[in-house]
There are 2 protein chains.
Amino acid sequence: MQISDTQKRFIRRWGEMGTRWGIARSTAMVHGYLYLCREAVNAEDICSALELARSNVSTSLKELEQFRLVERESKSGDRRTFYVAVSDVWEMARRILEERRRRETEGAVAAVNECLRAAKEEGDSFTAARMEAMQELLSTAENVADAARRYPTSLFRKAALMGGKLLGLIAKL
Amino acid sequence: MQISDTQKRFIRRWGEMGTRWGIARSTAMVHGYLYLCREAVNAEDICSALELARSNVSTSLKELEQFRLVERESKSGDRRTFYVAVSDVWEMARRILEERRRRETEGAVAAVNECLRAAKEEGDSFTAARMEAMQELLSTAENVADAARRYPTSLFRKAALMGGKLLGLIAKL
DNA sequence: CAATAATTTCTCTGATTTCAGAAATATGAA
DNA sequence: TTCATATTTCTGAAATCAGAGAAATTATTG
């Protein structure tokens, strides 16, 4: 699919934002392109539209699959793989947050736990207390993420649109 | 303040995590160090404890101040500036999330809006619809963040600890 | 208003990351 | 199995980023 200047501008912006989110510019651009596509497209198509190396597109697609932001599709009579982006922005946001959370807290609970044990053994109660607090935070974050995975995206949209009101409700509980 | 091996290990881990959060390793290490300090310390102290260049510590402290994770303190009869970290982990998490959200969506709404206008002018309704959805997501994120700023940290702790139960409640609204 | 101590900003180097192109591998049809 | 083509992995160049040290600036005290 050929793209207009407006689409190009959006994709460039999206790539720029990606870098601030710890996602490579070209990866975010591939995602932006797929988000604007009406139907599934193949890797070669992405290359020519964005003027990126084939290898780069391949790596980007793999990354996006890990985020579960794109899905593969196969067309009969065509051996190439076609890709589509998750089109619902709420689902998109949710998956990005989930994968980021996973990457960013991966192993952190265990690591802090290890330090905590050592601090206790040494009888350093101040340090132990600080680490314990950190530990509680990290494991709560994991628990919330786990719980969140069990609810539909529509719920998050609802919650987000309620915004401040929701927090007001919680305050009254 | 001199630090034990356990503390050193924690700080190193914290620094490592920082890099995955888009925060420089040394910045996160300075933060980790301050988090483990019983009282306010000065920059020189941080340098010697972590074996970092004075300039690096200065830059890190400035960064941490922007995150509002550390505060300055002055001692009478001492012209040097002393620093303390916010010790409550929930407050800490909140401020990190707030600053990250700010950095990561900075200008995004305006940029997408610009593209959206162009797409509409060109009569490209498909592209316009996609951009509109993205726009809604981004501005909702900003609204939620704004609303959140008006509530006390204790509320977030409460909400987080409720975890899945809270989502169940929202589902029933 | 010095003199001196504290802090910040600037510049440069080394490490890391991104990404294009080449080489290798995998897949499917005949 | 062989051929053609799609895809992935490897490699090196270019860009970016972190962090040390020097230079400049700011603040404090006599």
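Above this text is the structure in question.
Residues numbered from 1 in each chain as written. Chains lettered and ligands numbered in written order. Predicted model: local features only at pLDDT ≥ 70, side-chain atom pairs only at ≥ 80, totals over all residues. Heavy atoms only, no water.

(A) Quick look at the relation of the copies chain B and chain A. Superposing chain B onto chain A requires a rotation of 180° together with a translation of 0.0 Å along the rotation axis, leaving an RMSD of 0.1 Å. Within this description, the copies of the chain are treated as partners about a two-fold rotation axis. The C-alpha atom lying nearest the rotation axis in chain B is that of G22(B); the distance is 3.4 Å. Most of the interface of chain B is mirrored in chain A: 100% of its interface residues are interface residues there too. (Least-squares fit on C-alpha atoms with pLDDT ≥ 70 in both. Contact = heavy atoms within 4.5 Å.)

(B) Looking closely at the protein's contact with DNA strand C. The environment of DNA strand C is made up of 17 residues, and the closest members are S26(A), N56(A), K62(B), R72(B) and T81(B). Among atoms of DNA strand C positioned within 4 Å of the protein, sugar and phosphate together represent 68%. Contact between DNA strand C and R54(B): a phosphate oxygen at 3.3 Å from a side-chain N or O atom of the residue. Within the side chain of S58(B), an N or O atom sits 3.0 Å from a phosphate oxygen of DNA strand C. Broken down by secondary-structure element, the contributors of at least two residues to the surface near DNA strand C are α2 (25-36) and α4 (54-66) of chain A together with α4 (54-66) of chain B. The element that contributes the greatest number of residues to the surface near DNA strand C is α4(B), accounting for four residues. Residue classes in the surface near DNA strand C are distributed as three nonpolar, six polar and eight charged. (Near = heavy atom within 4 Å. Polar contact = N/O pair within 3.5 Å; in protein donor to acceptor, adjacent residues only side chain to side chain. Helix = DSSP H or I, 4+ residues; strand = E, 2+ residues; numbered from the N terminus. Nonpolar A, V, L, I, M, F, W, Y, C, P; charged D, E, K, R; others polar.)

(C) Representation of the interface of chain B and chain A. Taken together, the 63 residues of chain B in the interface contact 63 residues of chain A. Interface of chain B and chain A: buried area, both sides summed, is about 5,600 Å²; carbon and sulfur atoms make up 67% of it. Counting across the chain B and chain A interface gives eight salt bridges. Across the chain B-chain A interface, the total number found is 20 residue pairs in polar contact (both at pLDDT 80 or more). Of the residues contributing to the side of chain B that touches chain A, the split by class is 39 nonpolar, nine polar and 15 charged. (Buried area = accessible area lost by both parts, 1.4 Å probe. Salt bridge = Lys/Arg side-chain N within 4 Å of Asp/Glu carboxyl O.)

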